[in-house]
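If you want the building blocks of each chain, they are given just below.
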Amino acid sequence: GRRMTADLLRVLSLWRSRTPWLAAGIVVTALAAIAGVILLAVAGRAIAHGVSDAAVFAGAAAALAFIWPIALLRPLLRYLDRLVSHAAAFRAIGDTRVWFFRRLAERLPAGVGFRRTGDLLGRLVADIDALDRVYLGALVPAAAAGVVIVAIGLLLGIVSPALAAILVLPLALALLLPPLLAPGAAQSGQRVAAAQGSLRAAVVDPLTGIEDTLSAGAEPVAARRVAEEGAALAAAQRALAGRAAIGGAAGS
């Protein structure tokens, strides 16, 4: 848990220069979510009013008139949500790549510290590209969900505080579940990453020294190692998928 938090803080520290973009993505996403909640609330109120008499009809007509601006604004906010949040993620990942390759270049004279070339090649691509999920897949949705929960609580609290508590508490619990389940998922993810590195090394290393592999007649050994590492990776991925399924089911 502590290591995961420290790693997250280190990544966020690398993104300091992109704070305006990152904050804008979260704000626009939250506004789009709020617009959806308001649209549902106003539409529900208009339907609940009915058209039984002139006074109620006037109230429903006023609610329907209020729906149109929200209905037009929500798709625009959703478009801006995708545009701004992805632009922020691309800029942050670009900064991370620059930082990584600068650190790599500094260490080249003394060696990069990786004995397995295949593992290094895989991590150059996969690990950095996976960081976009930290922002797009975790920070932005969590912020939007938190805003929606607060908005629902405030709207329902006006009508019935008890009803607000009944609906908001399970939603808040579902929002807290991912951080609670994250340590176990992180361990499974580390096992998957290690298995992926071993598989890449098993594939790339014999090809890197192909002359030695052929001269020693080690092709069957290399093929057997690839099969074993592939099976280990599949097992690690199944365990990770199982944890993801449990977390998704609990959050639903």
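Further up the page is the structure itself.
Residues numbered from 1 in each chain as written. Predicted model: local features only at pLDDT ≥ 70, side-chain atom pairs only at ≥ 80, totals over all residues. Heavy atoms only, no water.

Student: Quick one: what's the story with the overall build of the protein chain, residue by residue and with numbers?
Tutor: Along the protein chain, the regular secondary structure elements total eight helices and zero strands. The 252 residues of the protein chain split such that 24% are buried. Of all intrachain contacts in the protein chain linking residues separated by at least 6 positions in sequence, the fraction that spans at least 24 positions is 78%. When the accessible surface of the protein chain is split by element, carbon and sulfur atoms take 70% of a total near 15,600 Å². (Helix = DSSP H or I, 4+ residues; strand = E, 2+ residues; numbered from the N terminus. Buried < 20%, exposed > 50% of the residue type's maximum accessible area, 1.4 Å probe, protein only. Contact = heavy atoms within 4.5 Å. Areas by Shrake-Rupley, 256 points an atom, 1.4 Å probe, with all protein chains shown as cover.)

Student: Tell me about helix H5 (residues 132-159), residues and numbers included.
Tutor: With 28 residues, H5 ought to run about 40 Å at 1.5 Å a step, and its terminal C-alpha atoms sit 40 Å apart, in line with that. Residues of H5 that are buried: Tyr135, Val140, Ala144, Val148, Ile149, Ala151 and Gly153. (Expected span 1.5 Å × (residues − 1).)

Student: Explain the side chain of Thr96 residue by residue, including any values.
Tutor: Secondary-structure assignment places Thr96 in helix H3 (residues 54-107). Relative accessible area serves as the criterion here: at 5%, Thr96 is assigned to the buried category. Here the side chain of Thr96 touches Trp15 through a polar contact of 2.8 Å, side chain to side chain. Within the structure, the side chain of Thr96 is placed 2.9 Å from the backbone oxygen of Ala92, a separation counted as a polar contact. (Polar contact = N/O pair within 3.5 Å; in protein donor to acceptor, adjacent residues only side chain to side chain.)

Student: Account for the nonpolar core, with residues named and values stated.
Tutor: Ranked by size, the top nonpolar core spans 10 residues in total: Val11, Trp15, Leu22, Ala88, Ala89, Ala92, Ile93, Leu131, Tyr135 and Val140. Put simply, the parts of the chain that give this core at least two residues each are H3 and H5. Per-element accounting of this core gives the leading share, four residues, to H3. Every residue in contact with Ala88, bar those within four places of it in the chain, is listed here: Trp21, Leu22 and Tyr135. The next biggest cluster of nonpolar side chains, apart from the first, holds five residues, and it includes Ala33, Val37, Val148 and Ala151. (Core = buried A, V, L, I, M, F, W, Y, C linked by side-chain atoms within 4.5 Å.)

Student: Outline the pattern of salt bridges, supporting the account with residue identities and numerical values.
Tutor: Across all of its chains, the model carries three salt bridges by this definition. Across the pair Arg18 and Asp95 runs a salt bridge, and its minimum N-O distance is 2.9 Å. Remark: Asp95 occurs in helix H3 and Arg18 occurs in the loop between helix H1 (2-14) and helix H2 (19-49); sequence separation between them is 77 residues. Its salt-bridge partner being Asp81, residue Arg82 comes within 2.8 Å of it at the nearest N-O pair. Residues joined by salt bridges that share partners form a network here, namely Arg78, Asp81 and Arg82. (Salt bridge = Lys/Arg side-chain N within 4 Å of Asp/Glu carboxyl O.)

Honestly, that's just the spatial picture; any functional story needs more than this.
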